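Coordinate analysis (summary)
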Amino acid sequence: MIRFQHKNVGGHLLIALLIFFTLGCSLISRLSSQNSDNALITRTPLPTFTLTPLLQEPIAILPTPTETAAPQPVAEQQEQPANPPEPPPIEPQPEPTSTETPEPPPPEAPPAPPPPAPTEPPPPPPPAEPAVGASGIIGKIDFRDGRNTYASGEKVFVRMELSTESGAGQKPFGILGLNTSTGAFQTSWSNGTINGTFTHEDGVAFNAPGIHKIWLSICYSSESVCQGSDGDWERFEPGLDVIIQ
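These notes cover the structure that comes with them.

All right, on to the overall build of the protein chain then. Per the secondary structure count, the protein chain includes two helices and eight strands. Going from the N terminus to the C terminus, the protein chain shows its helices and strands as α-β-β-β-β-β-β-β-α-β. For the protein chain, buried positions account for 20% of its 245 residues. Carbon and sulfur atoms form 58% of the exposed surface of the protein chain, whose accessible area is close to 19900 Å².

Below, the structure written as structure tokens:
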């Protein structure tokens, strides 16, 4: 039995078509010959064809190359130690020695002396005994706070006392106040009466440092007259010395 390869099927079909075509042409030729010549039908033997087997050559079918991925190199995993070794301790390096002679440090300033302890000013001297004035009134003043040293602008308070010579009787006055060596006057009382003894407190301030003076002054005229040039004024000596720092 002849086996045909699948590649020779087309050739076999072509041969079969040639056979059928030859048979068809022969049949047509015979029919036309009978009709024209009315000749006897002569059977012509059909040619026989012998199928010659084609030389079959073995065809080697090469395998289809299959692309295979090249094996990737497997990185070797380095085993990590369970406890990594501690780095060696860093030894301290000696400081480089300089050949230059260091400059001596500047001498330290001597400590400042402590501030002097505040000292209380000495008490003022006792006031002199006042003399009886021309109007028969005795007037005197002294420091209320027991000191005669004050700061600039600080008010100096004094106590005033006026009395009659006999300690009895009355003496009216228009203005009673404090007169200073700077020319200022502080009105302490107006339109009053000395009834035996009269006391009062008042103060005055100095803005310039130095030693100043305070006197007790009184005007026996009416207040309106005391403000003019005809007032009956009297100033009691010796007054008080005030130190302003």
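Continuing now.
Turning our attention to the sheet that holds strand β7 (residues 210–219). What the five strands build is an open sheet, ordered β2-β8-β7-β4-β5; its pairing is mixed. The sheet is open, and its two edges are formed by β2 (149–150) and β5 (185–195), each paired on a single side. One ladder, built from nine bridges, connects β7 with strand β8 (residues 233–244); its direction is antiparallel. Looking across to β8, one finds that C219 is bridged to W233.

This brings us to the pairing of β8. As defined by bridge partners, β2 adjoins β8 across two bridges and the pair is classed as parallel. By the bridge assignment for β8, Y150 is matched with I244.

Let's shift gears to the side chain of E234. Relative to the assigned elements, E234 resides in strand β8. Among buried charged residues, E234 stands out as having no salt bridge; its nearest opposite-charge side chain is K171, 8.1 Å away. In this structure the side chain of E234 is engaged in a polar contact, spanning 2.9 Å, whose partner is the side chain of Y220. Every residue in contact with E234, bar those within four places of it in the chain, is listed here: G133, A134, S135, L216, S217, I218 and Y220.

A separate point is the state of the cysteines. Enumeration over the complete set of coordinates arrives at one disulfide. Between C219 and C226 runs a disulfide, and the two sulfur atoms are separated by 2.0 Å. Its S-S torsion of approximately -95° makes the covalent link between C219 and C226 left-handed. With respect to class, C219 is no different from C226; both count as buried.

With that out of the way, let us pick up the side chain of T149. Mapped onto the elements, T149 comes out in strand β2. Here N148 takes part through its side chain, which lies 3.5 Å from a polar atom of the side chain of T149.

Looking now at the pattern of salt bridges. As enumerated under the stated definition, the model contains six salt bridges in all. A salt bridge links R144 to D145; its shortest N-O distance comes to 3.2 Å. For D145, a relative accessible area of 37% puts it in the partly exposed group. We note a salt bridge from E201 to R144, for which the minimum N-O separation is 3.8 Å. Taken together, the positions of E201 in strand β6 (residues 197–205) and R144 in the loop between β1 (137–143) and β2 put the pair 57 residues apart, joining distant regions of the chain. Judged by its relative accessible area of 32%, R144 is partly exposed. Linked by salt bridges that have partners in common, R144, D145 and E201 make up one network.

On to the nonpolar core. Burial of nonpolar side chains together is a common tendency in soluble globular proteins. Among the nonpolar cores identified, the biggest contains 23 residues, and L162, I214, I218 and V242 are the most heavily contacted of them. Breaking this core down by element, the ones donating at least two residues are β1, β3 (155–164), β4 (170–180), β6, β7 and β8. I214 has contacts with I141, V156, L178, N179, V204, F206, G239, L240 and V242, leaving out every residue within four places of it along the chain.

Here the focus is the sheet that holds β6. What links the strands of a sheet is backbone hydrogen bonding, and the strands pair in either a parallel or an antiparallel sense. A sheet is described by the order of its strands in space; here three strands give the open sequence β1-β3-β6, paired in antiparallel fashion. Edge strands, defined here as strands with exactly one partner in the open sheet, are β1 and β6. Taking each pair of neighbouring strands and ignoring which way they run, the sheet shows an average axis angle of 20°.

Basis of the calculations
Residues numbered from 1 in each chain as written. Predicted model: local features only at pLDDT ≥ 70, side-chain atom pairs only at ≥ 80, totals over all residues. Heavy atoms only, no water. Helix = DSSP H or I, 4+ residues; strand = E, 2+ residues; numbered from the N terminus. Buried < 20%, exposed > 50% of the residue type's maximum accessible area, 1.4 Å probe, protein only. Areas by Shrake-Rupley, 256 points an atom, 1.4 Å probe, with all protein chains shown as cover. Pairing = 2+ DSSP bridges. Lys, Arg positive; Asp, Glu negative; His and termini not counted. Salt bridge = Lys/Arg side-chain N within 4 Å of Asp/Glu carboxyl O. Polar contact = N/O pair within 3.5 Å; in protein donor to acceptor, adjacent residues only side chain to side chain. Contact = heavy atoms within 4.5 Å. Disulfide = S-S within 2.5 Å. Core = buried A, V, L, I, M, F, W, Y, C linked by side-chain atoms within 4.5 Å. Axes fitted to C-alpha atoms, helices over the stretch in contact; angles between N-to-C directions.

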